[in-house]
Amino acid sequence: MANNEDLFKKLISHAREYGFVFPSSEIYDGLSAVYDYGQYGVELKNNIKNYWWRAMVQHHENIVGVDSAIFMHPTIWKASGHVDAFNDPLIDNKDSKKRYRADVLVEDHMAKIEAKIEKEVEKAAKRFGDTFDKQQFITTNPRVVEYFKQIEEIKQRLYPALEQNDLTGVKQLIEDLEIVCPISGSRNWTDVRQFNLMFSTSMGSTADGANIIYLRPETAQGIFVNFLNIQKSGRMKIPFGIAQIGKAFRNEIVARQFIFRMREFEQMEMQFFVRPGEEKTWYEYWKQQRINWHLSLGIPAEKYRFHDHEKLAHYANAAADIEFEFPFGFKELEGIHSRTDFDLSSHQKFSGKKMQYFDPELNESYVPFVIETSIGLDRTFLAVLSNAFTEEILTDGSERVVMKIPPVLAPIKAAVLPLIKKDGLPEKAREIFDTLKLDFMCQYDEKDAIGRRYRRQDAIGTAYCITIDHQTLEDNMVTIRERDTMSQDRIGIEAISGIITKRIKENR
Ligand code: ATP
């Protein structure tokens, strides 16, 4: 764990040093849980958005996009349930004055017990060697069995208490588990209270309460309220989907872990409208589609896992998360939810407008059911970045930090580098750069020795380096260096663009 924490710290400082992510308002000491994306960050972010948009909208003829406003009619958030139920239970420690999410305190406690189990397993695996049977060990070792029992008992108390809004029960659980504040070390807790996560502001010039509006906490509602506009104007037939990428805002109680949990972030959401009764089939379909999308990036499969929800939100009849192994453990990256007809029916009720679809094949009208896929853009960014960060010792003993970002997402696809800064090489390199930049994000660099320039490009994850040398002037051939393997090929100038396109497609 200590190693991963180290790695995470290094990653954060690398992201800052190389222009991926900066703390917001840094010269004013920052703004908690708000971040800015720098020159390479914005490229990576745009590439992730494009990769998602293409997979959703371009590759599915029955999915179209929308870009709805962040400000929406306040009743929408009443209908969606956010005004009444988009709360987190918070608790303060009276000594450190630190605020915590009560459920997270308990979950962290369970994670500690899980870590103990892991330790026992590791120890036993070492002791038994090849004959070690993990399944048998965790089901029979008395200490491990006891740990599992403890976790189960906590779950049996925590989740029902949260569901029934039994805040006294949650507080009691924290007391019974003797959970201490990580800062003060004390158990001097306030009561648990509910805290609504929506940011509000007022619209117009008068300051009376009637004009209170919210910054959207999710992009999905902008899709639901446009369902009929798009269905009718686009003559869409069920099943069909609407995709949207945009900002969302949540006044998170504990914002931590860098860009994992922010107060202003971006979501990529898709709502897929289906016939009632067919939702389970489509739910399974989208679970598969989404995991395939992640795997297509070439990040190892063992970094992902599904977490099927046992406890479902009131509007859902099935839900799963795709979790990613971040440096701080497996955490939610994307949610896939079967939301029934909850949202459309609720908008129908609150707006008084029909939200129905006439199905020509069935010759009947109904409120469609919805499968939602909802992924955090910033969390995807963090997943890609943390998987990419690699420190290597090369055969000559030197070190390099290389960002092994999937080429299709790399902020800079190619760097064009004249071997030296004279003899007509810069002119030739500029010529190549000016052509290549029409096809890809490229960089021209002639400063410092070639080795140092390679290192700089490795550190920002540039997929290919094109080097121009004296030979180039004679035979119009250049060297193309591949970032991860550092292998080099000699290719013709006219072939550069085609070869890069082909390699990006193959993700190598
Ligand atoms: P969590 O349990 O981590 O708070 P959630 O279940 O509330 O997440 P959803 O409401 O399902 O999240 O939102 C969909 C996706 O939006 C999440 O899978 C995540 O990738 C992203 N997301 C949610 N909250 C944040 C946040 N505060 N910062 C960054 N991304 C977020």
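Source: prediction; values computed, not measured.

**Remarks on unusual backbone geometry**
Alright, step 1. Looking along the chain, the bond that leaves Ile238 and enters Pro239 is cis, with omega of 5°.
Alright, step 2. Relative to the assigned elements, Pro239 resides in the loop between helix H10 (227-233) and strand E9 (240-249).
Alright, step 3. You will see that Ala33, though not glycine, has its phi angle at about 60°, which is positive.
Alright, step 4. On the secondary structure map, Ala33 appears in the loop between strand E1 (21-23) and strand E2 (35-37).

**Section: the environment of Ile179**
Alright, step 1. The topology assignment puts Ile179 in the loop between helix H8 (167-176) and strand E6 (193-196).
Alright, step 2. A C-alpha to C-alpha distance of 44 Å links Ile179 and Met56, two positions 123 residues apart in sequence.
Alright, step 3. The contacts of Ile179, once residues within four sequence positions are left out, are Leu105, Val106, His109, Ile174, Arg187 and Trp189.

**Focus on the sheet that holds strand E22 (residues 477-482)**
Alright, step 1. Taken together, 5 strands build an open sheet; the order of strands is E20-E19-E21-E22-E23 and the sheet is mixed. Strands at the two margins of the open sheet, each flanked by one partner only, are strand E20 (442-444) and strand E23 (488-492). Here the average twist between neighbouring strands, direction ignored, is 25°.
Alright, step 2. As judged from the 3 bridges shared by strand E19 (residues 414-418) and E20, these two strands associate in the parallel manner. Across the sheet, Val416 pairs through a bridge with Tyr444, a residue of E20.
Alright, step 3. Against the sheet, helix H15 (residues 450-460) makes contact with E19, E20, strand E21 (464-468), E22 and E23, and its axis sits at roughly 170° relative to E19, the strand it touches most.

**Observations regarding the pairing of E22**
Alright, step 1. With 5 of 6 residues buried, E22 lies mostly within the body of the structure.
Alright, step 2. Inspection of the sheet shows E21 paired to E22 by 4 bridges, in the antiparallel sense. Within E22, the residue paired with Ile466 across the bridge is Ile480.
Alright, step 3. Here 5 bridges tie E22 to E23, and the two strands are oriented antiparallel to one another. If you follow Met477 over to E23, its bridge partner there is Gly492.
Alright, step 4. Taking the residues that link successive antiparallel strands as the turn, the E22-E23 hairpin has 5 residues, and the phi of Met486 there is positive, at about 65°.

**Notes on the nonpolar core**
Alright, step 1. Counting 80 residues, the largest nonpolar core has Phe20 and Ile500 as its most contacted members.
Alright, step 2. No other element matches the 8 residues that helix H2 (residues 39-58) contributes to this core.
Alright, step 3. In contact with Ile500, not counting residues within four places along its chain, are Ala414, Leu436, Phe440, Tyr464, Ile466 and Ile480.
Alright, step 4. Within the second largest apolar cluster, 26 residues are counted, among which are Ile113, Val170, Ile174 and Ile179.

**Brief notes about the pattern of salt bridges**
Any two side chains of opposite charge can pair, so long as their charged atoms come close to each other.
Alright, step 1. Applying the stated criterion across every chain yields a total of 39 salt bridges.
Alright, step 2. Across the salt bridge formed by Arg101 and Asp103, the nearest N and O atoms sit 3.0 Å from each other.
Alright, step 3. With a closest N to O distance of 2.9 Å, Arg339 and Asp343 form a salt bridge. Grouping residues by exposure puts Arg339 and Asp343 together as buried.
Alright, step 4. Ionic contacts of the salt-bridge type, sharing partners, join the residues Glu392, Arg400, Lys404, Arg455, Asp458 and Arg481 into one network.

**Comments concerning the sheet that holds strand E13 (residues 329-338)**
Alright, step 1. With mixed pairing, 7 strands are arranged side by side in an open sheet as E3-E9-E10-E16-E13-E12-E11. Looking at the sheet topology across the chains shown, the edges are occupied by strand E3 (63-65) and strand E11 (304-308). Across the sheet, the mean angle separating the axes of adjacent strands is 25° when strand polarity is ignored.
Alright, step 2. In this structure, strand E10 (residues 264-274) lies alongside strand E16 (residues 369-376), joined through 8 bridges in antiparallel fashion. In the strand pairing of E16, Glu269 is matched with Ser374.
Alright, step 3. Here helix H11 (residues 279-295) sits on the sheet in contact with E3, E10, E11, strand E12 (318-326), E13 and E16, set at roughly 20° to E16.

**Section: the site of the ligand**
Alright, step 1. Residues in contact with the ligand amount to 15 residues; listed here are only the nearest, Glu252, Arg261, Met262, Glu332 and Leu333.
Alright, step 2. Here Arg261 contributes a side-chain N or O atom positioned 2.7 Å from an oxygen atom of the ligand.
Alright, step 3. In this structure, an oxygen atom belonging to the ligand sits 3.0 Å away from a main-chain N or O atom of Gly376.
Alright, step 4. Within the complex, 83% of the 590 Å² of free accessible area of the ligand lies under protein.
Alright, step 5. Broken down by secondary-structure element, the contributors of at least two residues to the shell around the ligand are E10, E13 and E16.

**Details of the side chain of Asp359**
Alright, step 1. With respect to the helices and strands, Asp359 occurs in strand E14 (residues 357-359).
Alright, step 2. A distance of 2.7 Å separates the side chain of Asp359 from the side chain of Arg275, its partner in a polar contact.
Alright, step 3. In terms of polar contacts, Asp359 uses its side chain to reach the side chain of Tyr366, at 2.6 Å.
Alright, step 4. Not counting residues within four places of it along the chain, the set of residues in contact with Asp359 comprises Arg275, Glu364 and Tyr366.

**Some points on the pairing of strand E17 (residues 389-393)**
Alright, step 1. Pairing of E17 with strand E18 (residues 399-403), which is carried by 5 bridges, proceeds in the antiparallel orientation. Residue pairing for E18: Glu392 is matched across the bridge by Arg400.

**Quick word on the packing of helix H5 (residues 102-128) against helix H7 (residues 142-163)**
Alright, step 1. Where H5 meets H7, the axes come as close as 10 Å, and the angle between the chain directions of the two elements is 165°. Considering the angle they form, H5 stands roughly antiparallel to H7. Relative to H7, H5 is oriented so that their crossing is left-handed. Listed contacts from H7 to Asp103, Val106, Glu107, His109, Met110, Ile113, Glu114, Lys116, Ile117 and Glu120 of H5 are Arg143, Val144, Tyr147, Phe148, Gln150, Ile151, Ile154, Lys155, Leu158, Tyr159 and Leu162.
Alright, step 2. Residues that form the contact of H5 with H7 fall into these classes: 12 nonpolar, 2 polar and 7 charged.

**Examining the packing of aromatic side chains**
Alright, step 1. On inspection of all chains with the given rule, the structure shows 26 aromatic pairs.
Alright, step 2. Here the aromatic cluster, defined as three or more aromatic residues joined through ring pairs, consists of Phe8, Tyr35, Phe258, Phe260, Tyr304, Phe324, Phe326 and Phe328.
Alright, step 3. Taking the ring centre of Tyr444 as reference, the NZ or CZ of Arg430 above it sits at 4.0 Å.

**A closer look at H15**
Alright, step 1. Restricting attention to buried positions, one finds in H15 the residues Arg453, Tyr454, Gln457, Asp458, Ala459 and Ile460.
Alright, step 2. Remark: Gly461 follows H15 within two positions and exhibits a positive phi of approximately 80°.

Rules and cut-offs
Residues numbered from 1 in each chain as written. Predicted model: local features only at pLDDT ≥ 70, side-chain atom pairs only at ≥ 80, totals over all residues. Heavy atoms only, no water. Helix = DSSP H or I, 4+ residues; strand = E, 2+ residues; numbered from the N terminus. Contact = heavy atoms within 4.5 Å. Pairing = 2+ DSSP bridges. Axes fitted to C-alpha atoms, helices over the stretch in contact; angles between N-to-C directions. Buried < 20%, exposed > 50% of the residue type's maximum accessible area, 1.4 Å probe, protein only. Core = buried A, V, L, I, M, F, W, Y, C linked by side-chain atoms within 4.5 Å. Salt bridge = Lys/Arg side-chain N within 4 Å of Asp/Glu carboxyl O. Near = heavy atom within 4 Å. Polar contact = N/O pair within 3.5 Å; in protein donor to acceptor, adjacent residues only side chain to side chain. Areas by Shrake-Rupley, 256 points an atom, 1.4 Å probe, with all protein chains shown as cover. Parallel < 35°, antiparallel > 145°, perpendicular 65-115°, else oblique. Left-handed = near helix turned anticlockwise from the far one by under 90°. Nonpolar A, V, L, I, M, F, W, Y, C, P; charged D, E, K, R; others polar. Phe/Tyr/Trp six-rings, centres within 6.5 Å; stacked < 30°, edge-to-face > 60°. Lys NZ or Arg CZ within 6 Å of the ring centre and 35° of its normal.

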